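# Architecture at a glance
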Amino acid sequence: MLIKQLSIFLENKRGRFTEVSRILGDAGINMSAFTVSESSDFGILRLIVSDTDKAIQVLRDKLYAVSVTEVICLQCPNQPGSLAKAMEIITDAGIFVEYMYAFSQGDVAHVVIRPDDVQKCAEILKANKLTLIAANDLYKL
């Protein structure tokens, strides 16, 4: 249930995200989920792609700094309070969430979570009968 996420460091220059998306698209790699955070000098593009190893290779070939981290993807009802219940479970287990991002499809929401202890977080959520999405299933959404 652990998913490999890429983090790509981008200069804050016009066209950088366009270039990354073109590189991945030309390589036949689909971006399933992503988020961008920024500072005054650079941004961090975090994304989940259909072929992690190939994405790392093509991006590094173009001299992008790329790192890999593990995240989990929680599937929950797209209704008020659903995420709060999951977050209470995580918090009560003493797990710190470094960041997260989400997207919804109709009645279902998908929340990508980067906790400080990804393995423990996955185990706690599964033990509480919450649904985690495997990487292969996320790529199909």
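Residues numbered from 1 in each chain as written. Predicted model: local features only at pLDDT ≥ 70, side-chain atom pairs only at ≥ 80, totals over all residues. Heavy atoms only, no water.

### Notes on the nonpolar core
Of all hydrophobic cores here, the largest spans 17 residues; its most connected members are Leu 6, Ile 8, Val 20, Leu 24, Leu 59 and Tyr 64. Those elements that place two or more of their residues in this core are β1 (3-11), α1 (16-26), β3 (42-49) and α2 (52-61). Among the elements that take part in this core, α2 stands out by supplying 4 residues, more than any other. Apart from the residues lying within four places of it in its own chain, the contact partners of Leu 59 are Leu 6, Ile 8, Val 20, Ile 23, Leu 24, Tyr 64 and Val 66. (Core = buried A, V, L, I, M, F, W, Y, C linked by side-chain atoms within 4.5 Å. Buried < 20%, exposed > 50% of the residue type's maximum accessible area, 1.4 Å probe, protein only. Helix = DSSP H or I, 4+ residues; strand = E, 2+ residues; numbered from the N terminus. Contact = heavy atoms within 4.5 Å.)

### Looking at the packing of aromatic side chains
Enumeration according to the criterion identifies 2 aromatic pairs in this entry. With centroids separated by 6.5 Å and ring planes inclined at 55°, the aromatic side chains of Phe 9 and Phe 42 adopt a geometry described as tilted. With Phe 9 in strand β1 and Phe 42 in strand β3, this pair connects stretches of sequence that are 33 residues apart. For Phe 42, a relative accessible area of 38% translates into the label partly exposed. Aromatic pair Phe 17 and Phe 34: ring centres 5.4 Å apart, planes at 40°, arrangement tilted. Here Phe 17, found in helix α1, pairs with Phe 34, found in strand β2 (residues 31-38); they are 17 residues apart in sequence, far enough to count as distant. Owing to a relative accessible area of 30%, Phe 17 belongs among the partly exposed residues under this scheme. (Phe/Tyr/Trp six-rings, centres within 6.5 Å; stacked < 30°, edge-to-face > 60°.)

### Some words on the state of the cysteines
A complete count under the given rule lists 0 disulfides for this structure. Unpaired in terms of disulfides, Cys 121 finds its nearest cysteine sulfur in Cys 73, a separation of 12 Å. On the accessibility criterion, Cys 121 (1% relative accessible area) is buried. (Disulfide = S-S within 2.5 Å.)

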